[in-house]
Amino acid sequence: MSGITAALAQTVNTPYTEPGAVFVSQAILLFGLLALAFVALHTKRSTLWWVGAVVHVGAGALLPYTANMAGFFVIWELVTVGAAIVLVCEPDADGLLRRYLPWQLLAAALLLSGFALQFAESGSIALPAAGVTAGRVLIGIAVAIKAALMPLHLWMVETYVRVRPGTAVILSAVATKIGVFGVYRLLPGSITLEILGGIIATVAVLYALRQNRLRPFLAFHIISQVGYMIAGVGSAAAVAQIAGLYHLGNPIAYKGLLFMVVALMVPMTGTSNIYSTRGMGRRSFVLTVAAIAGALSISGVPPFNGYISKSLLQSSLVSPVAVHLLTIAGIGTALSFTKFLWHGFLRPGPLPQAHDVQEGLIVKTGTRTITAVLSLLCLLMGLYPRSFFAELPVSTGITGQSFLSGLTWPIAGAALFFILYGPILRVLLVTLPGSNTVVSLLRSAGTRGLQLMQRQHSGDIRRYLGWAVGGTLLLWTWVVLAP
Amino acid sequence: MIVLTIGITCIALTGIGIYGLLRRTHMIRMVLCFNILEAAALLGLVLIAYSPDARSPILRAATDAHVLPLPHALALTAIVIGASLTALMLTLIVRVHRSHGTVLVDKLKDWRG
Amino acid sequence: MSRISATLLVSGIIVFGVIVAYELTLMPRTADPLNHAPLTLRDTGAVNAVSAILFDYRALDTLGEATVILMTATVVAFLTPRAKASMLAVRLSSIVLYGVVILLPFITILGIAVMAHGHISPGGGFTGGVIVATSTVFYAVVYSVGGQQSYVIAPAANKLIENTAMTAFIGVGLLGLGLAGSFLANAQTGIPLGTPGELLSAGTIPVLNLISGVKVGVGLGIIVMSLFLE
Amino acid sequence: MNGLFTELPVLLIVIPLAGVPVLYFTARRGLGTALPALAVILFVVILLSSGARDAMHTPVVTAAGGWQPDLGIGLQFDLLAVAAMLVTSLIVAQAILSHDETSGAQHFRTLLMLLYAGSNGLMLTQDLFNAYVFIEITSIASYALVAGKQDRGGFESAFKYVVMGSFAGLLVLWGIAGLYLTTGTLDIQSLASRFEAAPGAVASLSAAAVIAGLLIKLGQVPFHAWKADSLSGASYTVSALLSGVTTTAFFVLLLRVLSALPSLTVSLAPILTTIAGLSIITGHLMALRQPRYSRLLAYSSVAHVGYGLLAVSSGAVTAIAAGLFHILVHAIMKSGLFFLGRSFLHTGNRSDRLEAIVFPEQHRTLHVTLYVLLAMSMIGIPPVLGFTSKWYAVLETARAGYDTGAALIALGGAVALVYYLRVGLQLVHRGLPELSSPGPASKRLPVPIAGTALILLLAAFSDRLLGFCVLAVVQLMETV
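Residues numbered from 1 in each chain as written. Chains lettered and ligands numbered in written order. Predicted model: local features only at pLDDT ≥ 70, side-chain atom pairs only at ≥ 80, totals over all residues. Heavy atoms only, no water.

Hey, could you run me through the pairing of strand 2 (residues 73-77) of chain D in this one?
Consecutive side chains of a regular strand alternate in pointing toward one face of the sheet and then the other. Residue and element names in this part refer to chain D. In terms of burial, strand 2 is largely enclosed, as five of its five residues are buried. Burial along strand 2 is two-sided: the residues Ile-73, Leu-75 and Phe-77 and Gly-74 and Gln-76 are all buried. As paired strands, strand 1 (residues 60-64) and strand 2 are joined by five bridges and run antiparallel to one another. Considered in strand 2, the bridge of Ala-64 is made with Ile-73. (Buried < 20%, exposed > 50% of the residue type's maximum accessible area, 1.4 Å probe, protein only. Helix = DSSP H or I, 4+ residues; strand = E, 2+ residues; numbered from the N terminus. Pairing = 2+ DSSP bridges.)

As structure tokens, then:
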């Protein structure tokens, strides 16, 4: 009976140092540190907040190294605890925790029971290298919650749009990536996961398109990127897995960059409505460059890092359905980021009232430097991918032929924005159900059920006695009839 | 024959007691139903002890056949416990009557849900 | 519970009752397979096998049972604290008033006799205790007319007696523990068992009989008194 | 007969019983009752720990009055009893320390001693009828304790409790009578050998009746409904005792009965698992919508006892041990939460509706820390004992082949989080607008609860604690 302590000791002694794990860990750590620095320069936070953030990032960076289930579970929970501490320090802690923690704990419970099944089957506490053999469904749902896959994404959308901007930067870096790493580490590769990833990437992009506020817009793009990653790391093909892992590192960089940009531009433009922001291009050169770099990366334009992983994924996935889905998602991504750049930065027209004079909201040099560093990082990860992840089969994002083919779909997306955006948006608004319609239906059904159950406990002791008599009869019947 | 009679009585009393418990609203009637059930259980105990042609377990000649003494001892203990429970229930009914102003059990619905 | 569901449940119970009854008719009925009686005589010296079981073989049960009475008396008295009882508004006839006075000593003596002969004849501490309690109740019923003080024994004294009896019961048990190494031991302590059938026989059984008789008498007294008029 | 030590088990019952007259006499002399009551517990614990070493090798089986079982009453002092009684002693001691109301203190402590004696007897006895007597002692003491609050809610709770409890007692009595009829014995150990030979269905039906009675006492679906109603009218101290001491005692008795009847346990396993699963679901879902603190905790108890029952009904030794371990840990943490509830009263608030409860200004940080620790343990969040016990329960249940059950246990934590979080956010909420008068300030730090909370930090040793439980269960299986 090897206990928790023994398992933890084992984790420390024999870390899991497969190259993909090391890359993910380093990506989380590097970006986590940058994000912490960004927040430190951006606003003042309480000590407790810092404790939570450091635990969150640290545990996230530690997780890939764990070699057994007990360690994996404990560190997985530490990530949640860190996030919970961070959320406690937010202004609307009550509502945030209510939205965040139940989902996370549901994931934890599922993961725990899945691990128990695996342990029961294999008799060993070690994590099998080729994915678990038992309890796949439970573990799958657990990592899907953590990765904010589409029907289980509500916690993320509802949390990330309610926290303060800096906090969103920290949270966007770790939580969902942990879930994706869970898919990589725990689930065996299959075509189902590839297609699932493709579907999620596409649907999330469609939802992102109809958002008119900045942070929900970014949140849905996180989900879309997670779809790409799932398609990659969930594939049975080795190259696709590597591409998926690299794609896991890329959005950490460019997604964090975009969150930082948004965190800085909302106070400057005084609005979080995409259509009302404007004129950023004439206000801050660095921010504009950063936003463009982020948008190019996420749209998969060479030579930025998004291009490397996306093109690798396209070429290595087993299922053609998934490939097509990812193509559609790529066009949608380009379209929506064209929209973002156009309204926020490039659109000509009169500037709205200046908000940047308000105290404490001026963009500080330090934060600008960090966005610049991240933009550079996005570029470098595209130019010299092997220096970051030695297992990659490609050496650079700039080769003549690939450059042109890489540009095709992003340009198509950008063109769509200028030609057909209005009709597309109208179709989307009509056809897509509101992302929380299903959930609210489920919720009301659940509430009804609970009310019914509560009404059955009417307080009449005679009814309770009747239940007890009935239960006894049930036991007796069983005894008489059972062999 | 006597075994059968007592057995049927025992079953009938149990049925009556449980039906009463489930249907009567008056608390004191519920207590009475408990007493009926208790009586049925005691009858059962006595029935277990009974055997034909056996005498009561008061020893006069060692060779006599006696009924089982143990169930009788158990029944005695059960009677005392049952009486105590009855007393406790009656006390509680008195207090419930004072606080709720009713002796009907379906009016006791402060706690529910 | 609706009438239908209650009827269904009860018929379920009856079905099982009939199953049990049917099986029992198939079972052989034997008289005292352990042949308790001679064994009882040898082990405990008590003629009344039920008493022997209650106060010797299974004396721990009896201690528990006495505890239940003590507890109920305490609880009932605690929950219904009253200073006085006024039972009835009617006047009782003098026959009743004086008849009770004449009857009471006899009832009490009968109770004590039943307690004392518990090991040699039917009856015992519990039966005797109930008889004694009856006398208390009679007295209270008859003399509490018009709000007079009804307690034969004051509640404080009642409690004192109860607790003393409890101490005595445990004391007898500890005596067995000290002498024979086992709680509530009787014959092994070396106390002479005497000749079966005599009043002074059967070791500690008559003592325990008396103690539990006092407990039951007082306990029931407290319980009934407390429930008066309520 | 070699003296006192073999008779140790009976002393564990007799000392608390003797405590009743002792308390009475000390109270009469104006000496107070807290110290004697504590002395009784101290005495019991010393006896327990000095006897534990003997029990480690072979269980001490004694017979009251020197009569061997089958004629007399056997008491088995084994590791199971040691473990469970140490836990219940801790809770009883806490109850004595935390009860600071002067009126009715003697009455309360007397009943407490009786409850203690009854539960100790339940955990020791090997004789079914003796068990019935102790069930009634324990139950009557509980009814009286619930009614002891002497208000409208208390009496309603007590009446419902007594009705349901009496029915359970009758079921047990019927079952015992039937078992005696068919097997001719009341001793659990001889029952184990004679049960198989008993012809017909009567023996099984009777055993099922005993089990049903115990399930009522444990509050498992569909026998559960009285539980919340009886706890909502009781004072917090009493609720702590009911959910800590009596539940543990009845669970131990159920273990003894089930382990004596292995064939019946196997044939009942599917339905017992169903009952446990339903209890977990119902308990957690009902707790989700409860408006009162005590009712919420009561429904959560239904679910947690369900965890234990689920593990036990799976039949594997390690699973039973894990279930026992969880029940013991649950007793500690649940009673801790109830004791913590006493602090709400110091704010001058008489209601325990969730929107009204709040910790007193004084020692708020300590209170909040304790709540967080206890709630974490109840939910099953890593560094505390509640997590490890639950982890083992999930693991061993899954290993015994009950995948769905294991998943249910794990999922229960997620639901539990929602309601403990709701309470927690309410409790840390500062400055309630409705609360006009601050009430009497609490002078007393929640030290006893702090002790409990510290125990929950023993998670690092949970391997050994579970090992102890495994030993206890192995011993139980072997001796029967």
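We are not done yet, so read on.
Looking at this structure, I do not really get the nonpolar core. What am I missing?
Where a protein is soluble and globular, its nonpolar side chains tend to be buried together. Ranked by size, the top nonpolar core spans 432 residues in total, and within it Phe-340 of chain A together with Phe-159, Phe-167, Leu-241, Tyr-293, Tyr-371 and Tyr-420 of chain D carry the most contacts. A per-element tally of this core places helix 6 (residues 152-183) of chain D first, with 19 residues. Counting residues in hydrophobic clusters, the runner-up holds five residues, among them Ala-87 of chain B together with Ala-73, Val-218 and Ile-222 of chain C. (Core = buried A, V, L, I, M, F, W, Y, C linked by side-chain atoms within 4.5 Å.)

What should I look at first to understand the packing of helix 10 (residues 236-260) of chain D against helix 12 (residues 293-313) of chain D in this one?
For any two helices packed against each other, the geometry is given by the interaxial angle and the distance between the axes. Residues and elements named next belong to chain D. Direction vectors running N to C along helix 10 and helix 12 enclose 15 degrees, while the axes themselves pass 12 Å from each other. For the element pair helix 10 / helix 12, the angle class is roughly parallel. For the pair helix 10 and helix 12, the sense of crossing is right-handed. In this structure, helix 10 uses Tyr-236, Ser-243, Thr-247, Phe-251, Leu-254, Leu-255 and Leu-258 to contact helix 12, whose residues at the interface are Tyr-293, Ser-294, Ser-301, Val-305, Gly-308, Leu-309 and Val-312. A breakdown of the residues in the contact of helix 10 with helix 12 according to their chemical character gives nine nonpolar, five polar and no charged. (Axes fitted to C-alpha atoms, helices over the stretch in contact; angles between N-to-C directions. Parallel < 35°, antiparallel > 145°, perpendicular 65-115°, else oblique. Left-handed = near helix turned anticlockwise from the far one by under 90°. Contact = heavy atoms within 4.5 Å. Nonpolar A, V, L, I, M, F, W, Y, C, P; charged D, E, K, R; others polar.)

What's the story with unusual backbone geometry in this structure? I'm lost.
Most peptide bonds are trans, and most residues other than glycine sit at a negative phi. In this chain, Val-221 of chain D is followed by Pro-222 of chain D through a cis amide linkage whose omega measures 0 degrees. Note on placement: Pro-222 of chain D falls in the loop between helix 8 (202-218) and helix 9 (226-232). Positive phi outside glycine occurs at Ala-148 of chain A, with the angle close to 60 degrees. Structurally, Ala-148 of chain A can be placed in the loop between helix 6 (136-146) and helix 7 (154-160). Judged by relative accessible area, which is 0%, Ala-148 of chain A ranks as buried. With phi around 55 degrees, Gln-150 of chain D is a residue other than glycine that occupies positive phi space. Structurally, the position occupied by Gln-150 of chain D is in the loop between helix 5 (128-147) and helix 6.

Help me out: how do you make sense of the interface of chain A and chain D in this one?
Where the parts come together, the accessible area they lose is often given as the size of the interface. Between chain A and chain D, the residue contacts involve 45 residues of the former and 55 residues of the latter. Approximately 4700 Å² of surface area, both sides summed, lies buried where chain A meets chain D, with 83% of it carried by carbon and sulfur atoms. For the pair chain A and chain D, the interface holds zero salt bridges. Counting the contacts that link chain A with chain D gives six residue pairs in polar contact (both at pLDDT 80 or more). (Buried area = accessible area lost by both parts, 1.4 Å probe. Salt bridge = Lys/Arg side-chain N within 4 Å of Asp/Glu carboxyl O. Polar contact = N/O pair within 3.5 Å; in protein donor to acceptor, adjacent residues only side chain to side chain.)

Explanation requested: the interface of chain C and chain B in the structure shown.
Of the residues lining the interface, 44 residues belong to chain C; the matching set on chain B comes to 41 residues. Across the chain C to chain B interface the summed buried area is about 3600 Å²; carbon plus sulfur atoms make up 76%. Where chain C touches chain B, the interface holds zero salt bridges. Of all the elements in the fold, those that place two or more residues in the side of chain C that touches chain B are helix 1 (3-26), helix 2 (36-44), helix 3 (49-57), helix 4 (59-79) and helix 8 (205-227) of chain C. Tallying contributions element by element places helix 1 of chain C first for the side of chain C that touches chain B, with eleven residues. Classifying every residue of the side of chain C that touches chain B by side-chain character gives 28 nonpolar, ten polar and six charged.

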